[in-house]
Every structure is written in C-alpha cells, then in structure tokens.
Amino acid sequence: MNYRHSYHAGNFADVMKHALQWACLSYLQQKEKPFWLLDTHAGIGMYDLLGEQASKTGEWQAGIAKVLAAPNPPEELAGYLEAVRQLNPDQTLRWYPGSPYLAALQLRSQDALTLCELHPADAQELSENVTHDFPHNGTIHVEAGRNGYAALKALTPPPIKRGMVLIDPPFEQRDEFAQVVQALREGTKRWANGSYVVWYPIKDPVAVSEFQQRVADLNTVSKVYCTDMLVRTAQDPSKMNGCGMLFVNPPFGVVQQMATIMDFITPLLAQDQGAEWQGSWLLEA
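The structure displayed is predicted, hence computed values, not measured ones.

What counts as what
Residues numbered from 1 in each chain as written. Predicted model: local features only at pLDDT ≥ 70, side-chain atom pairs only at ≥ 80, totals over all residues. Heavy atoms only, no water. Axes fitted to C-alpha atoms, helices over the stretch in contact; angles between N-to-C directions. Helix = DSSP H or I, 4+ residues; strand = E, 2+ residues; numbered from the N terminus. Parallel < 35°, antiparallel > 145°, perpendicular 65-115°, else oblique. Contact = heavy atoms within 4.5 Å. Nonpolar A, V, L, I, M, F, W, Y, C, P; charged D, E, K, R; others polar. Buried < 20%, exposed > 50% of the residue type's maximum accessible area, 1.4 Å probe, protein only. Polar contact = N/O pair within 3.5 Å; in protein donor to acceptor, adjacent residues only side chain to side chain. Pairing = 2+ DSSP bridges. Core = buried A, V, L, I, M, F, W, Y, C linked by side-chain atoms within 4.5 Å. 1 Å grid on protein atoms, 1.4 Å probe; cavity = no way out; pocket = protein on both sides within 12 Å on 5 of 7 lines; lining within 4 Å. Points joined across faces, edges and corners; volume = space filled by probe spheres on them. Expected span 1.5 Å × (residues − 1). Arc of directions from axis to C-beta. Phe/Tyr/Trp six-rings, centres within 6.5 Å; stacked < 30°, edge-to-face > 60°.

K.L.:
Would you mind going over the packing of helix α7 (residues 148-155) against helix α8 (residues 176-190) in detail, with residue names and values included?
P.N.:
Contact geometry for α7 and α8: axes closest at 9 Å, N-to-C directions at 10 degrees. In terms of their interaxial angle, α7 and α8 are classed as roughly parallel. The segment α7 lies against α8, with Tyr 149, Leu 152 and Lys 153 engaging Glu 176, Gln 179, Val 180, Ala 183, Glu 186, Gly 187 and Arg 190. Its residues assigned to classes, the contact of α7 with α8 comprises 4 nonpolar, 2 polar and 4 charged.

Quick look at the structure:
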C-alpha cells in the first residue's frame, strides 16, 4: 500500500486515529507529572485539504467534514474537533492537523515530544509547522532523517517515565506488520510501563488478526487492547476497508471512552451497510 498522507488527510482513518490519540493524551494530562510522546512516523504535521494532492481524492469530505457537521458530538470528541475548528476560523474547511500538531497542542510546559520523519524535506516542513508554532508547549524535537523504528529502540527508556509511543507507518513495505511487531518487542523490553499505540489499515482482516495475535504472543507485554473499524464490507483485500488501533498498556480512561467515541463516528464515516466497529482485549493482566 502506498500511503502518501497528503492525499488522504482528514479521511476516516485520520478521524479515528486522531480522536483516540487526543483521548490518550487527555488522560495523561490528568496527572501533573510530565509525559513524553514519541511519534515514529510523523509526516509534515499540517495538510492543505484544498491543495492539489488532497483535492485529487477529496477523502476528507467523507471524513472530518462529516464529523464536524454532525450535531451533538460527545464531550470526548470536543477537544479534537475544536482543534480542527481553530485552524479554520472562517468556517471554510481547508487545514487539517496531523498527529504531531495535535500532540503539540496538548503538551504542557513539563512535557516532551519527539517526532521522527525519515524524509528530509518532510522533516523540514514538519519543523516549520510544529516547533515554530508552539515555542512554549513543552520540549519538541524533530529527528530529521531518522528511522522511527530505530529511534524507538534507541530512545527508550526515556528520562521521563510516563508517556506513549505512537506508531503510524505508511504501510509501504510488505513486511510492515512484522516491523511493527519487532519494534514493540524492542520497545516493551526497554520501557515496560510505556503505552504503545499502533495505527494500521484493514485490507485483509485475516492479516490483521494474525498481526494482533503476534503482538499478544510477545512475552514482553501483559495488556493489549485493539479497536477495529470497517467503513465498508471487507470483500476486496486490495482496498483499505477500514483501520484499527492496537494499544499495549492502554491508558485506562481511553478504554472507558472507546464506545462513546466509536459509536458516534462509525455511522458518520460509513461507506456502505457493512460499516461496524469492535473493540476487545487480546490480553488483559
């Protein structure tokens, strides 16, 4: 799968990913102690929905546009949706924040954010979009040209003991699931108390199930929760029929909020009557 994100910004996958990311960091904010977030595949941090690439697909119109227009969103989505609205004050939906930008919004002065971006040009744009806009929101460091999986191994355990790793690869490699499993093995061996959140596309549900089981079988993990959302019936394994998020050591509050968030967004993002979501513990201590 070639997933150049600027073509897909603001789509159903972004809505799910960013709503749950916001919930995770909101939970970490509840304690005064600092937290650290590592984003292994950061991207550029900000996307122009009216630009050439996003305009070619228009996927945001069936994603964030529908959720913003929906009445009575739950309180659990309020922070995420307000972050998008603040970028578009004239009511014209043009700018969509990536994971790094949303994370930077939630940083406090005591927190830290490390962003890995392998492509030098994208890393430069990321720095301009994120670090320049948030000079007082904690410590933000862009690791330009650095492989996110290697960074996970090199940077854990972090000096700040609380925190989360977001693994959101483009899935351009055939062995991407295997790379994620290896990264989780290395990370949880070094930083057992950290939370790890993995986004993944759902094309072939069997391949996803195999990946989930491989994570649950790691002897370095004790709590694994996953949420899968289909926006269409998964009949064609060549299409991205949905997406999921896997949590190792999930923040407790996020699991409690899951049904409220997913029950609201799933029918809005549905592309046929096969749309559904499910969440389950794969491993519960």
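K.L.:
Residues and numbers for the side chain of Asn 241, please.
P.N.:
With respect to the helices and strands, the residue Asn 241 is situated in the loop between β8 (224-230) and β9 (242-248). Asn 241 sits in the buried class, given a relative accessible area of 1%. Here Lys 203 takes part through its backbone oxygen, which lies 3.2 Å from a polar atom of the side chain of Asn 241. Ignoring any residue separated from it by four or fewer positions in sequence, one finds Asn 241 in contact with Ile 202, Lys 203, Met 229, Leu 230, Val 231, Arg 232, Thr 233, Ala 234 and Asp 236.

K.L.:
Now, about the pairing of β9: what can you tell me, with residues and values included?
P.N.:
Within β9, 7 of the 7 residues are buried, leaving the element largely enclosed by the surrounding structure. A two-sided burial pattern is seen for β9, the buried positions comprising Gly 242, Gly 244, Leu 246 and Val 248 on one face and Cys 243, Met 245 and Phe 247 on the other. Of the pairings in the sheet, the one linking strand β7 (residues 195-202) to β9 comprises 7 bridges and is antiparallel in character. Its bridge partner lying in β9, Ile 202 is registered against Gly 242. With 7 bridges connecting them, β8 and β9 associate as antiparallel partners. The partner of Leu 230 across the bridge, within β9, is Gly 242.

K.L.:
Tell me about the nonpolar core, residues and numbers included.
P.N.:
Counting 95 residues, the largest nonpolar core has Ile 64, Tyr 80, Tyr 200 and Ile 265 as the members making the most contacts within it. When residues in this core are grouped by element, the largest group, 11 residues, is from helix α1 (residues 12-28). Dropping the residues within four chain positions of it, Tyr 200 is found in contact with Phe 171, Phe 177, Val 208, Phe 211, Gln 212, Cys 226, Thr 227, Asp 228, Cys 243, Gly 244, Met 245 and Leu 246.

K.L.:
Mind laying out unusual backbone geometry, listing which residues take part and the relevant values?
P.N.:
Pro 157 follows Thr 156 through a cis peptide bond whose omega is 0 degrees. With respect to the helices and strands, the residue Pro 157 is situated in the loop between α7 and β6 (163-167).

K.L.:
I'd like a description of the layout of surface pockets, backed by residues and values.
P.N.:
One number sums up the size of the second largest pocket: a volume of about 400 Å³. Along the walls of the second largest pocket sit 18 residues, with Tyr 27, Leu 28, Asn 193, Ser 195 and Pro 251 positioned nearest its centre. When the residues that make up the lining of the second largest pocket are grouped by side-chain class, the tally is 8 nonpolar, 6 polar and 4 charged.

K.L.:
I'd like to hear about the sheet that holds β8, residue by residue, with values.
P.N.:
One open sheet accounts for 8 strands, arranged β5-β4-β1-β6-β7-β9-β8-β10; its pairing is mixed. Edge positions in the sheet fall to β5 (139-144) and β10 (276-283), since each of these pairs with one other strand and no more. Shown here is a sheet whose adjacent strand axes are inclined to one another by a mean of 15 degrees, direction ignored. Alignment of strand β1 (residues 36-39) against strand β4 (residues 112-117), held across 4 bridges, turns out to be parallel. Among the inter-strand pairings, Trp 36 is bridged to a residue of β4, identified as Ala 112. Its contacts with the sheet place helix α5 (residues 99-106) against β1, β4, β5 and β6, and it is angled at close to 170 degrees to β4.

K.L.:
Which residues make up helix α9 (residues 205-216), and what values do they have?
P.N.:
Between its terminal C-alpha atoms α9 stretches 17 Å, which fits the 16 Å expected from 12 residues at 1.5 Å a residue. Where α9 is concerned, the buried positions are Val 208, Phe 211, Gln 212, Val 215 and Ala 216. Down the axis of α9, the smallest arc covering the buried residues is 140 degrees, so these residues share one side. Considering only its buried residues, α9 is in contact with α8, β7, β8, β9 and β10. The opening residue of α9 is Asp 204, an N-cap whose side-chain oxygen sits 3.0 Å from the backbone nitrogen of Val 206.

K.L.:
Describe the environment of Pro 120, listing the residues and the values that go with them.
P.N.:
Residue placement: Pro 120 occurs in helix α6 (residues 120-130). Considered as a pair, Pro 120 and Ser 6 are 114 residues apart in the sequence and their alpha carbons are 16 Å apart.

K.L.:
Tell me about the packing of aromatic side chains, residues and numbers included.
P.N.:
Scanning all chains against the criterion turns up 9 aromatic pairs. An angle of 70 degrees between the planes, with centres 5.5 Å apart, marks the rings of Tyr 200 and Phe 211 as edge-to-face. On the criterion of sequence distance, the pair formed by Tyr 200 in strand β7 and Phe 211 in helix α9 is long-range, its members being 11 residues apart. By way of ring pairs, the aromatic residues Phe 171, Phe 177, Trp 199, Tyr 200 and Phe 211 are connected into one cluster.

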